[in-house]
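Residue-level structure breakdown
The chain contents come next:
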Amino acid sequence: MSNAKHLATVMVEAFIDAVNRGVDLVPVVADSTSTAKISPFIKAFPDRLINVGIAEQTLVGTAAGLAIGGKVAVTCNAAPFLISRANEQVKVDVCYNNTNVKLFGLNAGASYGPLASTHHSIDDIAVMRGFGNIEIYAPSCPLECRQIIDYALAHVGPVYIRLDGKDLPQLHDENYQFRPGQIDVLREGNDIVLVAMGSTVHEAVSAAEQLHAQGISAGVIAIASIRPCDTQQLQELLKHYPAVITVEEHNVNGGVGSLVAEVLAEGGCGIPLLRLGIPDGQYAIAGDRASTRAHHGIDAASVVKSAVRMCAGA
């Protein structure tokens, strides 16, 4: 995994390059500069960073004010606190008022592991899908992440980008070109298709490889662009498979599992669907990433077992 990279590092590199090419970008953080890995930006542009302290509502309100003043405002802090503590400000100051703020939800999912439910962000996509007037993205690898960020900084309007808290290897080659709304087919198959977002795309790819060794042909679809999303393209892709499994480090309600369920139902597709994630009414356990994913059935080995059962009609 020599090509692995932390997505927050990709974010900061994108910010530095943007300012160097003339973008009037101002990052806003809420105390923890280490979470945002923002030190290289501070060193390059010491007068451009605003640190509001442990005050997420102020973080978002300040970013909105900067945007109204003509800046490209970006918030860089932990996803659970950005979405939960500043919920009203995100809804009103950013989404409702259509301010040019880019919200970066760092260390999303169960990235904080043993710090448990207060620090887990397993509902952020569900919350953001409930708000109008904001684009939503969840990149799965460094290259895709960089392209999404470059797009977001050029786009005028609110954007939420969900970033995992661990190093991730590349999934795409240098010819990959991100487009808002596109559905990313990473692997084609015949027996079942695995649909995932963010870092769990890697679990899906690994699971598909293991299934292939067992004689099961599994496709893999990554959904990085949650809003906008080409639901017609997604429906057409899913219709070619006899069964679908969604995989996400997020509650099964409101995330990619819900998105796929909506697409299948609205398209009248009678295709069996299994949603893997944090179960309805539960929180992610407190533990390291591997243990958490295994417990909730979203690691590659668990996905393989679920796919084998589903293909067998169990």
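Right, let's walk through the structure included here. The shown structure was predicted, so the numbers you read here are calculated from the model rather than taken from an experiment.

Rules used in this analysis
- Residues numbered from 1 in each chain as written.
- Predicted model: local features only at pLDDT ≥ 70, side-chain atom pairs only at ≥ 80, totals over all residues.
- Heavy atoms only, no water.
- Helix = DSSP H or I, 4+ residues; strand = E, 2+ residues; numbered from the N terminus.
- Rg over C-alpha atoms; globule rule 2.2 N^0.38 Å.
- Contact = heavy atoms within 4.5 Å.
- Lys, Arg positive; Asp, Glu negative; His and termini not counted.
- Charge placed at Lys NZ, Arg CZ, Asp CG, Glu CD.
- Core = buried A, V, L, I, M, F, W, Y, C linked by side-chain atoms within 4.5 Å.
- Buried < 20%, exposed > 50% of the residue type's maximum accessible area, 1.4 Å probe, protein only.
- Pairing = 2+ DSSP bridges.
- Axes fitted to C-alpha atoms, helices over the stretch in contact; angles between N-to-C directions.
- Parallel < 35°, antiparallel > 145°, perpendicular 65-115°, else oblique.
- Left-handed = near helix turned anticlockwise from the far one by under 90°.
- Nonpolar A, V, L, I, M, F, W, Y, C, P; charged D, E, K, R; others polar.
- Disulfide = S-S within 2.5 Å.
- Phe/Tyr/Trp six-rings, centres within 6.5 Å; stacked < 30°, edge-to-face > 60°.

Right, let's get into the overall build of the chain. When helices and strands are tallied, the chain shows 13 helices and 14 strands. What you see for the chain is a C-alpha radius of gyration of 19 Å, in line with the 20 Å of a compact globule of 314 residues. By principal-axis analysis of the C-alpha atoms, the chain measures approximately 60 × 40 × 40 Å. Put simply, 78% of the contacts in the chain that link residues at least 6 apart link residues at least 24 apart. Computing the positive centroid from 22 side-chain charges and the negative centroid from 31, the chain places the two 2 Å apart.

The next point concerns the nonpolar core. Ranked by size, the top nonpolar core spans 45 residues in total, and within it Leu103, Met128, Tyr160, Val195, Ile223, Leu238 and Val260 carry the most contacts. In contact with methionine 128, other than residues within four places in its own chain, are Ile83, Val90, Leu103, Ile134, Ile136, Tyr160 and Arg227. Ile38, Val159, Ile161 and Phe178 belong to the second-largest nonpolar core, a separate cluster that totals 35 residues.

Here we come to the sheet that holds strand S10 (residues 192–196). Spatially, S9-S11-S10-S13-S14 is the arrangement adopted by the five strands of the open sheet, whose pairing is mixed. Looking at which strands have only one partner, the edges of the open sheet turn out to be strand S9 (184–187) and strand S14 (273–278). Here the average twist between neighbouring strands, direction ignored, is 25 degrees. Bridge analysis of S9 against strand S11 (residues 218–222) gives three bridges, and the strand direction is antiparallel. Pairing of valine 185 across the sheet is with isoleucine 221, part of S11.

Look at helix H9 (residues 200–213) against helix H13 (residues 300–311): their axes get within 8 Å of each other, and the N-to-C directions meet at 55 degrees. Regarding the angle of H9 to H13, the classification is oblique. Crossing geometry of H9 relative to H13 is assigned as right-handed. On H13, the residues touching Glu203, Ser206, Ala207, Gln210 and Leu211 of H9 are Ala300, Val303, Val304, Ala307 and Val308.

Quick look at the pairing of S11 now. Summarising burial for S11: five of the five residues are buried, a large majority. Covered by surrounding structure in S11 are Ala218, Val220 and Ala222 together with Gly219 and Ile221, the residues of both alternating faces. Pairing of S10 with S11 involves five bridges; the strand directions are parallel. For valine 193, the partnering residue across the bridge sits in S11 and is glycine 219.

In this section: the packing of helix H10 (residues 231–238) against helix H11 (residues 256–266). Contact geometry for H10 and H11: axes closest at 10 Å, N-to-C directions at 80 degrees. Judged by the angle between their axes, H10 and H11 are roughly perpendicular. Residues Thr231, Leu234, Gln235 and Leu238 of H10 pack against Val260, Val263 and Leu264 of H11. Counted by class, the contact of H10 with H11 contains five nonpolar, two polar and no charged residues.

With mixed pairing, seven strands are arranged side by side in an open sheet as S3-S2-S4-S5-S7-S6-S12. A single partner strand is all that each edge strand has here, and the edge strands are strand S3 (50–51) and strand S12 (225–227). Examined bridge by bridge, strand S6 (residues 135–137) and S12 share two bridges and lie antiparallel to one another. By the bridge assignment for S12, isoleucine 136 is matched with arginine 227. The strands touched by helix H1 (residues 7–20) are strand S2 (25–29), strand S4 (72–78) and strand S5 (101–106); relative to S2, the strand with the most contacts, the crossing angle is about 145 degrees. Taken strand by strand, helix H8 (residues 142–154) contacts S2, S4, S5, S6 and strand S7 (159–162), and its axis lies near 165 degrees from that of S7.

On to the side chain of serine 302. Residue placement: serine 302 occurs in helix H13. Residue classification places serine 302 among the buried positions, given a relative accessible area of 17%.

Moving on to the environment of aspartate 123. Relative to the elements of secondary structure, aspartate 123 occurs in the loop between S5 and helix H7 (124–130). On the basis of relative accessibility, which here comes to 36%, the residue aspartate 123 falls in the partly exposed class. Separated by 18 residues in the primary sequence, aspartate 123 and glycine 105 place their C-alpha atoms 12 Å from one another.

The next point concerns the state of the cysteines. Inspection of every chain in the model, using the stated rule, returns zero disulfides. Cysteine cysteine 95 shares no disulfide, and the gap to the nearest cysteine sulfur, in cysteine 76, comes to 17 Å. The cysteine cysteine 141 is free of any disulfide, with cysteine 145 supplying the nearest cysteine sulfur at 8.4 Å. By relative accessible area, which is 0% here, cysteine 141 ends up buried.

Right, let's get into the packing of aromatic side chains. The relative placement of two aromatic rings is captured by the distance of their centres and the angle of their planes. Summed over all chains, the structure comprises five aromatic pairs. Taking the centre distance of 5.2 Å and the plane angle of 55 degrees together, the rings of phenylalanine 41 and phenylalanine 45 count as tilted. Between tyrosine 137 and tyrosine 151, the aromatic rings sit 5.9 Å apart at their centres with planes inclined by 80 degrees, giving edge-to-face as the arrangement. Taken as a pair, tyrosine 137 in strand S6 and tyrosine 151 in helix H8 lie far apart in primary sequence, 14 residues in all. What makes tyrosine 137 buried here is its relative accessible area of 0%. One aromatic cluster is present, formed by Tyr137, Tyr151 and Phe178 through successive ring pairs.

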